[in-house]
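Here is how the chains run, residue by residue.
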Amino acid sequence: MEQEISPRYKVLYIDDEADNLVVFKSAFRRYYDVITALSAHEALDILRDEKISLIITDQRMPEMTGIDLIKSLPDEPYSIRMVLTGFSDVEAIIEAINSGSVYKYVTKPWDKNDLKVTIDKAIEALEFRNKNKMLLLELKEANEQLEKKVIERTLQIQLQKEEIESQKTLIESEKEKADSLLLNILPFEIAEELKTTGKAKACRFENVTVLFSDFVDFTKISENLVPEQVVDELDYCFQAFDDITEKYGLEKIKTIGDAYMCVGGIPVPDSMGAHNAVLAAIEMQSFLSGLKEANKGNHFLNARIGIHTGPVIAGVVGKKKFAYDIWGDTVNTAARMESNSEGGKINISETTYELIKDSFECAHRGKIEVKGKGEMNMYFAERQLNEFAENGVEQMYRPM
């Protein structure tokens, strides 16, 4: 049975269209004490008399926008503010989120179930914030009492013990957050070395497979689209690439604009690095092909992928905004494989081909002139051979 939020939480919904107010109240009055207002000015009148836990406002309203309404409110620590908006308003609202004025924004049209989850999480965040404020006040009062009542030794020791336990819990919580953030930025082995020694030593790896992906004519395409559409499309694709990279045990290095770079064989050497990189590339192209088919040709991102295997130097440089990176001619050659590839295809070097040729069907392209390197043999990796396949990926991917 669906858990209900206590009615003591008052939700104020502001929208200049009366029908929207009716729909909202009908959808959520079972869960919250819903109050509605047809304008920002009416909302301000309500806020003078009512203690509101959550304020949800439409962005586009006459006289005063939702953001302007929220900015006009005093800093109230016991309420949370959200905005309903269209995609064209996102930049202004993100700016408000970054400034701390807005907890979150929801795009229109909203889905009842999704919006309820968002509201519940906002109320949970409010509860957590209020509990923390109360805890801080209690700790402050306890410390003041400790200073005044030194003679009450037993009570003092007990209060100190409680304070120590509280601080210990807080430190452990902050440590978990820091560890989680570090692991989201650096490979596990590098993060552990950095925490232990304060630095990560650069290492040379002899057999690393580098995969570069780049979208064809991305700059030209993006000039004719709304920025939000471009960013959403990139984000959707790169999140899928992240999942594929993790699935095949590769290490994501970075994204630069519309380029995506990952590697196999570091920071832990892996003899199957080249094999897994080609599998990942096939699944990436399969994913993009599926998008095009599902969107009936409206999906506009078409990727070139290039792969090369060789030695690299890997490490962390600088002391701020740590980033694990790799250097060497292997990286440059992998980039050349990508730039000499074609949309929807996977171009691999002869070095990589020799490592995977028994497991994959490849088409020899012959020798191709490469800037700064002369002629190089290149191959299009097309599919995994049936006797080596463990899943249906090779059946999904077809070179463009």
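Structure's up top.
Residues numbered from 1 in each chain as written. Predicted model: local features only at pLDDT ≥ 70, side-chain atom pairs only at ≥ 80, totals over all residues. Heavy atoms only, no water.

K.L.:
Please give an account of a nonpolar patch on the surface that cites residues and values.
P.N.:
Taken together, the side chains of Ile-313, Val-317 and Trp-327 present a nonpolar region at the surface, about 250 Å² in accessible area. Mapped onto the elements, Ile-313 comes out in strand E9 (residues 303-316). Looking at Ile-313, the relative accessible area reads 34%, which means it is partly exposed. (Patch = residues over 30% accessible without salt bridge, like charges linked within 9 Å, V, L, I, M, F, W, Y side chains within 5 Å. Areas by Shrake-Rupley, 256 points an atom, 1.4 Å probe, with all protein chains shown as cover. Salt bridge = Lys/Arg side-chain N within 4 Å of Asp/Glu carboxyl O. Helix = DSSP H or I, 4+ residues; strand = E, 2+ residues; numbered from the N terminus. Buried < 20%, exposed > 50% of the residue type's maximum accessible area, 1.4 Å probe, protein only.)

K.L.:
Explain the packing of helix H9 (residues 227-247) against helix H10 (residues 273-294) to me, and be specific about the residues and the numbers.
P.N.:
Packed helix pairs are specified by the crossing angle of their axes together with the interaxial distance, meaning the distance between the axes. Remark: H9 packs on H10, axes separated minimally by 10 Å, with the N-to-C direction vectors making an angle of 150 degrees. Overall, the two elements H9 and H10 adopt an arrangement that is roughly antiparallel. As H9 packs across H10, the resulting crossing turns out to be right-handed. Taken together, the residues of H10 that come into contact with H9 (itself represented by Tyr-236, Cys-237, Ala-240, Phe-241, Ile-244, Thr-245 and Lys-247) are Ala-280, Glu-283, Met-284, Phe-287, Leu-288 and Leu-291. Residue composition of the contact of H9 with H10, by class: 10 nonpolar, one polar and two charged. (Axes fitted to C-alpha atoms, helices over the stretch in contact; angles between N-to-C directions. Parallel < 35°, antiparallel > 145°, perpendicular 65-115°, else oblique. Left-handed = near helix turned anticlockwise from the far one by under 90°. Contact = heavy atoms within 4.5 Å. Nonpolar A, V, L, I, M, F, W, Y, C, P; charged D, E, K, R; others polar.)

K.L.:
Can you break down the pattern of salt bridges residue by residue, with the values?
P.N.:
Applying the stated criterion to the full structure yields 16 salt bridges. For Lys-254, the salt bridge goes to Asp-325, with nearest N and O atoms at 3.1 Å. With Lys-254 in strand E7 (residues 251-256) and Asp-325 in strand E10 (residues 324-327), this pair connects stretches of sequence that are 71 residues apart. A salt bridge links Glu-338 to Arg-304; its shortest N-O distance comes to 3.0 Å. Pair noted here: Glu-338 is in helix H11 (residues 329-339) and Arg-304 is in strand E9, with a separation of 34 residues, a long-range link. Judged by relative accessible area, Glu-338 falls into the buried class, the value being 9%. By relative accessible area, Arg-304 is classed as buried at 18%.

K.L.:
Break down the packing of aromatic side chains for me, citing the residues and quoting the values.
P.N.:
In this description, an aromatic ring pair is defined by two values, namely the gap between the centres and the angle between the planes. Taken as a whole and assessed by the stated rule, the structure comprises 13 aromatic pairs. The interplanar angle of 40 degrees and the centroid separation of 5.7 Å between the aromatic rings of Phe-28 and Trp-110 together place this pair among those described as tilted. Residue Phe-28 is located in helix H1 (residues 18-28), and its partner Trp-110 is located in the loop between strand E5 (104-107) and helix H5 (112-148); the two are separated by 82 residues in the primary sequence. What makes Phe-28 buried here is its relative accessible area of 0%. With a centroid separation of 6.1 Å and 25 degrees between ring planes, the pair formed by Phe-215 and Phe-238 is classed as stacked. Here the residue Phe-215 occupies a position in strand E6 (residues 203-215), and Phe-238 occupies one in helix H9, the gap between them amounting to 23 residues. For the pair formed by Phe-215 and Phe-238, the shared burial category is buried. Taken together, the ring pairs connect Tyr-13, Phe-24, Phe-28, Tyr-31, Tyr-32 and Trp-110 into an aromatic cluster. Positioned above the aromatic ring of Tyr-31, the side-chain terminus of Lys-116 is 4.5 Å from the ring centre. (Phe/Tyr/Trp six-rings, centres within 6.5 Å; stacked < 30°, edge-to-face > 60°. Lys NZ or Arg CZ within 6 Å of the ring centre and 35° of its normal.)

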